[in-house]
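Descriptive analysis of the structure
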Amino acid sequence: MAENCTLRSHAIGTAKKIIVKAGTRLLTDQSSIAKLVSGIAKLREAGHQVLLVSSGAVGMGMELAGVSRRPAELAQKQALAALGQTRLMSIYSEEAAKHGFTVAQLLLTAADLRNRSRYLNVMNCINALWERNILPVANENDSVSIDELKFGDNDTLAGMLTSVAGADLTVLLTTVDGLRDRDENGNLAGRFSVVEKVTDKLKSLAGGTDDSNLSIGGMDSKLRAAELATAAGAFLWIADGRDEKIFEKLLSGEDTGTLFLPRSHRVPGRKRWLGFFSKVSGALIVDEGAVQALTVRGKSLLPSGMIAVKGEFRRGDTVEILSLTQKPIARGLVNFDAKDCLRLCGKHSGEVEEIMGKESETEAVHRDNLVLIEE
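For the structure given in this document, a descriptive report is provided here. (Residues numbered from 1 in each chain as written. Predicted model: local features only at pLDDT ≥ 70, side-chain atom pairs only at ≥ 80, totals over all residues. Heavy atoms only, no water.)

**Concerning the packing of aromatic side chains**
For clarity, the cut-off: The aromatic pairing rule takes the rings of Phe, Tyr and Trp, using the six-membered ring of Trp, and pairs them if the centres are within 6.5 Å, calling planes under 30 degrees apart stacked, those over 60 edge-to-face and the rest tilted. Counting as a charge over the ring demands two things of the Lys NZ or Arg CZ atom: a distance within 6 Å of the ring centre and an angle within 35 degrees of the ring normal.
Tallying each qualifying case throughout the model produces one aromatic pair. Of note, Arg44 hangs over the ring of Phe101, and the distance from its end group to the ring centre comes to 4.0 Å.

Okay, structure coming up:
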């Protein structure tokens, strides 16, 4: 118990930058938003820079339009999001003014983070807003997003923005008191106070949302966010946003909710982008020797270790590196087009030069442009 509180005190005490995510069911009206903004004001007063990931645009649009059930049609959801987003930001602006600060809106799609240049633009924008003491309020741009451009849910967006913003702590405010164990009958049991690593066993305990009329996501999406945040070297804290004193409890390091610990080493920013954000265009299947060279010896991927090529891609695209059993091993920026990779499979360095010319790279994927899936 004491150790759990010590870890929480360390997490909040050392956090300069904090991502706070609030779910739709916590943003039902202006009074609930006022409580959220008041809590964020407490974090800011304690010296933390805060970015808010806010759900609720579709839910707010449903209320304004008199709709009781979340529509299935994409165009209808987009329309409700466009309607609700304006009202939502108006309320945030009004409530923030009561505490002496202003808010700025960031509407994002997955494409904004898959492209390295746009990724850096988002990062620079967040930092510029923080420099001006402005609260960034981020949300998925539901009014234009389509399936291939969606994050899936705002838990995932919060985990990704942890990496983009270089945050030290991510707080997911939800309507449960943390990740719960299950007994032999499958019923919810005790709360996990601290989690060192997200395992397959933990993932099996996660369930989806219990109210699909309003929101998407669930504990499984929060575990995905935890994987993203902890890989970026940050703590992630799932906490009960229904508790009116939750921000006081966070700031005092109370043993509430579930705290996920960061990985032992922080994956560098460029490699985090490769591992979590870049769009995969194809794959290279490699032999066991190449797997060992990548995972054990920290080497680049040489054409001699390549067995097969999947998909169509060009030099500079992101490819996935797969074992013979199709297990993902790594991602990286490939040095050759797919057709050239096919020609180079199994070839040694001298043969690569003969085929591609002496000025060509000899690595299919250089170590500096590669990230292991488990890193």
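Let us keep going from here.
**With respect to the nonpolar core**
So the rule is basically this: Here, nonpolar core means buried Ala, Val, Leu, Ile, Met, Phe, Trp, Tyr and Cys residues that are tied together by side-chain atoms lying within 4.5 Å of each other. Per-residue accessibility, obtained with a 1.4 Å probe over protein chains only, is compared with the maximum for each type, and a residue is labelled buried under 20%, exposed over 50%, and partly exposed between these values. Going along the chain from the N terminus, every DSSP run of H or I of four or more residues is numbered as a helix, and every run of E of two or more is numbered as a strand. Throughout, a residue-residue contact means that at least one pair of heavy atoms, one from each residue, lies within 4.5 Å.
Ile126, Leu161 and Phe260 are the most contacted members of the largest nonpolar core, which totals 42 residues. Going through the elements one at a time, β2 (49-54), β3 (103-108), α6 (116-131), α7 (154-165), α8 (200-205), α9 (219-231), β9 (235-240) and α11 (269-277) are the ones with two or more residues in this core. If one sorts the elements of this core by residue count, α9 sits on top with seven residues. For Leu161, the contacting residues outside a window of four places in its chain are Ile19, Leu51, Val53, Leu108, Val122, Ile126, Ala138 and Gly166.

**Side note on the sheet that holds strand β14 (residues 328-333)**
Let me state the cut-off plainly: Strands are labelled as partners when DSSP assigns at least two bridges between them. Axes here mean lines fitted to C-alpha atoms, for a helix over just the part in contact, with angles spanning 0 to 180 degrees between N-to-C directions.
In space, the five strands of this open sheet follow the order β12-β11-β13-β14-β15, with mixed pairing throughout. One side of each edge strand has no neighbouring strand; the edge strands of this open sheet are β12 (306-310) and β15 (370-372). The mean inter-strand angle of the sheet, taken between neighbouring strand axes irrespective of direction, is 25 degrees. Pairing analysis gives five bridges linking strand β11 (residues 280-286) to strand β13 (residues 318-322), with the strands arranged parallel. Its bridge partner lying in β13, Leu284 is registered against Ile321.

**Thoughts on the sheet that holds β3**
In spatial order, the strands read β3-β4-β2-β1-β5-β9-β10-β8; together these eight strands make up an open sheet with mixed pairing. Each end of this open sheet is capped by a strand with a single partner; those strands are β3 and β8 (194-195). Examined bridge by bridge, strand β1 (residues 17-22) and strand β5 (residues 169-174) share five bridges and lie parallel to one another. Bridge assignment links Ile19 to a residue of β5, and that residue is Thr170. Strands β1, β5, β8, β9 and β10 (258-260) of the sheet are contacted by helix α1 (residues 2-13), whose axis makes an angle of about 60 degrees with β10. On top of the sheet, α9 reaches β1, β5, β9 and β10; it is set at about 150 degrees to β9, its chief contact.

**Some points on the pattern of salt bridges**
Selection rule: In the sections that follow, a salt bridge refers to a side-chain nitrogen of Lys or Arg positioned within 4 Å of a carboxyl oxygen of Asp or Glu.
This structure, assessed with the given rule, holds 14 salt bridges. Put simply, Glu361 and Arg315 hold a salt bridge, and the shortest N to O gap is 3.0 Å. You can see Glu361 sitting in the loop between α14 (349-356) and β15 and its partner Arg315 sitting in the loop between β12 and β13, a full 46 residues away along the chain. Overlapping salt bridges bring together Arg8, Arg191 and Asp255 as one network.

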